[in-house]
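Structure assessment
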Amino acid sequence: MALWSSSLTIPLKESSIQRPKSLCASSRGTSASAAFRSFPVSTNCFPSASDCSLVLHGGALNFGQRFCGLKLWILEKLNFQSHHKKCGWASESNRLKIQGKDQLQGQSETPVSCEGSIPEEVSATKFLNDSVDVTATHIPQTEDSSLSKNQNDAPTIPVASLKSPSLRETSSSNYDTQGGNAPSLSIAVIGATGELARNKIFPALFALYYSGFLPENVGIFGYSRKNLKDEDLRSMIASTLTCRVDHQENCDDKLDAFLSRTYYLNGGFDNRDGMSRLNKLMETTEGESGTNRIFYLSVPQEALLDVSLSLADNAQTKRGWNRIIIEKPFGFDASSSYQLTRSLLSKFEEKQIYRIDHLLGKNLIENLTVLRFSNLVFEPLWSRTYIRNVQVILSEDWGMEKQGRYFDGYGIIRDIVHSHILQTIALFAMEPPISLDGEDIRNEKVKVLRSIRKLELGDVVLGQYKASSVDKVDVYLNTLTPTFFAAALYIDNARWDGVPFLIKAGMGLIKHRVEIRIQFHQVPGNLYSERIGHNIALSTNELILRDVPDEAILVKVNNKIPGLSLQLDASELNLLYKDKYNVDVPDSYEHLLLDVIDGDNHLFMRSDELAAVWNILTPVLREIDENKIAPELYEFGGRGPVGAYYLGAKHGVRWADD
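Residues numbered from 1 in each chain as written. Predicted model: local features only at pLDDT ≥ 70, side-chain atom pairs only at ≥ 80, totals over all residues. Heavy atoms only, no water.

Let's shift gears to helix α4 (residues 195–210). An α-helical segment advances 3.6 residues per turn. Residues three or four places apart therefore align on the same side. Under the 1.5 Å per step criterion, the end-to-end length of α4 is 22 Å for 16 residues, consistent within 8% with the ideal 22 Å. Along its length, α4 reaches its greatest deviation from straightness, about 30°, at I201, and the proline P203 lies no more than four positions downstream. Every buried residue of α4 is listed here: A197, I201, F202, P203, A204, L205, F206, A207, L208, Y209 and Y210. Elements in contact with the buried residues of α4: β9 (185–190), β10 (219–224), α5 (230–238), α6 (251–260), β12 (292–297) and α15 (588–598). Just past α4, the residue G212 takes up positive phi, approximately 90°. (Helix = DSSP H or I, 4+ residues; strand = E, 2+ residues; numbered from the N terminus. Expected span 1.5 Å × (residues − 1). Bend = angle between axes of the 7 residues up to and from the residue. Buried < 20%, exposed > 50% of the residue type's maximum accessible area, 1.4 Å probe, protein only. Contact = heavy atoms within 4.5 Å.)

Next up, the structure:
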C-alpha cells in the first residue's frame, strides 16, 4: 500500500505496519514509537480516554515522520473496525415506515456486548493540506440522568468538524431488537391500574412494540398501590391490546411476548421505599447491561411531586439516560406551576422532563409546520399581509361523563386552552426555526407565546352546558365551572400585528370538530365582486386543516359555475386523508411516546413556555375567580353561548365552522 499527497508517494511495506503498544500515556503507559509521537496527534490524550480531546496540528516540517505517525493512526482505525465487528455492534441502515411516517435510520451503532470492555472510538477526520490546522472538537457527554454528572464510565467521542451523538443518546431505531434478554430500554408506568394507563398508555406501548419501534427485549413495569401480581396486571391490560388492522401477522405471538416482558410492583403508600424497590426490580431484570429508563407519571396532580421526587432520588439508572413524562395540567395557576417547575428542576434536568398533552400528538399538529415550511405556495402568505384571521376550534359533542370531578376542579381553560390551544397557535405562528431540532423549535414557540397580549375579560366568553341525568353526562359540575371558552388573542410582533386569533373550545356542542381555519383578505379591487352575490364574506379564500370529523386539508377558492352566464361559486379543493392514504392512523399516544424514546421534545412544553402561557392566562383567571363570574348557559348538544357570536362580531370575524 502507499500514501499519496500532492506529487509525493510514500510506499508502505506490510511489515512496517504494526499496532502501537500504547495510545494514551495517561492510562496505558508511555511507550510508543517515535514515529507515532511525531505524528501531530496529542499522544497523552487519545480517544481511548473518556475525558480527552483529539487535537491535530502541525505545518510542513518533518513530513515523513508525520506520515509515519499517520500510518499508525490508520492502522489503529482498522484495528478498531475489527474490534467493532468482534464486539457485535449493531449497525442499521433501514427505513422504517409507520402509517405513512418514514424514519430514516442513519448508520448509527450501539455497543451490544464485548465482555464488559469499552471499544475505542476514532473519529473520521478530513485531512487537508499541510498548511491547514485541523482541530477535533470535544463534544461533552450528553446524558439525561441528573445523577450521571460525576460518571466517566462512557467514552467521549471526539470529532473533527462532525457532530456525533453520544453512545448513551441512542434513538429507538438503534436498539438491537435481536439481542438477548437484558432490556436496552425499561419503561415504568406509575399509576398502572388507572384508566389512562389501561386504555391509552399500555395499548400505545404495545402498538409500538408490535410495529417494531420498541426493542424486542424491552422491559415494561407497572407500579401502583394495589396488591397485584405480574399475572394480574397482564390479565388487566390484555383485553385493551390490539394489533394493527392493516397488518395482523404474528399478532398472538407478539402479544404473548409483550405480556411476558410486563412486570408489576405494589409500591405501597411510601413512595421512597416503593421507588427503591422498583429500582431493584428493574436492575434485576436489566442485569449488567447499560439500560435507559422512561417513567410515565400517570398520577393525580396532588401526588405528582411526591412521586417524582421519590423517583429522582431512588429509581434513576446510572447506566443510561432517564426521562419522565408528566400529564397535564401543569399547575393550577402561575404560582403553583412555578413551584412545581422549581421542584422538578431541583432533581431533574430540563431535557429529562416531557410534559405531555395527547392532543398535540395529532397528525394535524405535525402538518402545521410541514404544510407551511415545505410548500412555497403557502409560506409567502403566512403573515398579516394576506391573512385576515385565524380560528382554532375544538368542539366536543360529549360531556364529562368520566372526568367530571377532575374537570370540575380545573375547568376547560386549564385543561385544554392552557396547553393544546396555545401550543397550536405557537406552532402555527412561529418564525422558521434554524433546524427541526426540538430545542430550535421550542425557542421559536416561546417567542410567540411571550408576544401574545395578555387576555382581558372583555375578550373572553365563558359557557356551561345545561344537562340532566337523561343526557348521560356529568351532573356534578359546580355552578361556576366553564365547559366552553372562547377568546380573541393578538400577537404583538411584526408578522402578526393586528391579526385576531379566535379560539373556541367546548364540551356538549352540536358537532365534534377539531380544525384550524385560516381566512385570507379579500382581493383588492375584485373585478368579480358583483358576480359573487350579496354575502361577500362567503367568497373569502380559506385554508382549513381538519382533524375531526375526517382528517383533511381543504382550500376554499372561487370558481365559475358551468354555463353560459358568468356566476361565481366558492368551492373546496379537498385532500381527504382516508381516500388518499389507506392506512390505520396511529393513536396520538403512540406518536408522543415514540418522540420521548427518540428524544424529540418539540411537541412537549419547556419550562419557559409553561411560564409564558401562565402569563397570558393568569390575569383573566384571577379576575374570573375573584369576581365569581358565572358562565353563560347553553343547551347540551347546541351551538354554544350566544356571546361567542358577539365576540366574533366585535373583532370583525364570522365563525367559519357555523
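What follows continues from the structure just given.
Core analysis: the biggest nonpolar cluster contains 136 residues, and F202, L278, I425, F428, F485 and F501 have the highest contact counts within it. The greatest single-element share of this core, amounting to 11 residues, is contributed by helix α11 (residues 404–429). Residues from two domains meet in this core; each of domain 1 (185–327) and domain 2 (360–588 + 606–651) gives at least three. Residue contacts for F501: discarding those within four places in its chain leaves V390, I425, F428, A429, A487, A488, L489, I491 and W496. (Core = buried A, V, L, I, M, F, W, Y, C linked by side-chain atoms within 4.5 Å. Domains from an automatic or database assignment.)

This paragraph deals with the state of the cysteines. By the definition in use, this model includes 1 disulfide. In this model, C243 is linked to C251 through a disulfide, with the two sulfur atoms separated by 1.9 Å. Since a negative S-S torsion denotes a left-handed disulfide, the C243-C251 link at about 90° is right-handed. Of the two residues, C243 and C251, neither departs from the other in class, the shared state being buried. (Disulfide = S-S within 2.5 Å.)

The subject of this paragraph is the environment of P183. Tracing the backbone shows P183 in the loop between β8 (158–159) and β9. Its relative accessible area of 1% is what places P183 among the buried residues. Considered as a pair, P183 and G290 are 107 residues apart in the sequence and their alpha carbons are 8.7 Å apart. For P183, the contacting residues outside a window of four places in its chain are N217, V218, G219, R261, T285, E286, S289 and T291.

Before going further, it helps to spend a moment on the packing of helix α9 (residues 334–345) against helix α16 (residues 607–627). Running from amino to carboxyl end, α9 crosses α16 at an angle of 170°, the nearest separation of the two axes being 10 Å. Classed by the angle they form, the pair α9 and α16 counts as roughly antiparallel. Mapping the contact onto sequence places A334, S337, T341 and L345 in α9 and S607, L610, W614 and T618 in α16. Taken together, the residues of the contact of α9 with α16 break down into 4 nonpolar, 4 polar and no charged. (Axes fitted to C-alpha atoms, helices over the stretch in contact; angles between N-to-C directions. Parallel < 35°, antiparallel > 145°, perpendicular 65-115°, else oblique. Nonpolar A, V, L, I, M, F, W, Y, C, P; charged D, E, K, R; others polar.)

A few words on the packing of α4 against α6. Between α4 and α6, the shortest axis-to-axis distance is 10 Å and the interhelical angle comes to 120°. In this view, α4 runs oblique relative to α6, as classed from their interaxial angle. Regarding α4 and α6, the two cross each other, and that crossing is right-handed. Contacts from F202, L205, F206, Y209 and Y210 in α4 reach C251, K254, L255, A257 and F258 in α6. Among the residues forming the contact of α4 with α6, the class breakdown is 9 nonpolar, no polar and 1 charged. (Left-handed = near helix turned anticlockwise from the far one by under 90°.)

Moving on to empty space enclosed by the protein. For the structure shown, the criterion picks out 5 cavities of 30 Å³ or more. Volume-wise, the second largest cavity comes out at about 60 Å³. For the second largest cavity, the full set of lining residues is L364, I365, V392, I393, L394, H420, I421, T424, V514, E515 and I516. Put simply, the parts of the chain that give the lining of the second largest cavity at least two residues each are α10 (363–373), β15 (387–395), α11 and β19 (513–520). (1 Å grid on protein atoms, 1.4 Å probe; cavity = no way out; pocket = protein on both sides within 12 Å on 5 of 7 lines; lining within 4 Å. Points joined across faces, edges and corners; volume = space filled by probe spheres on them.)

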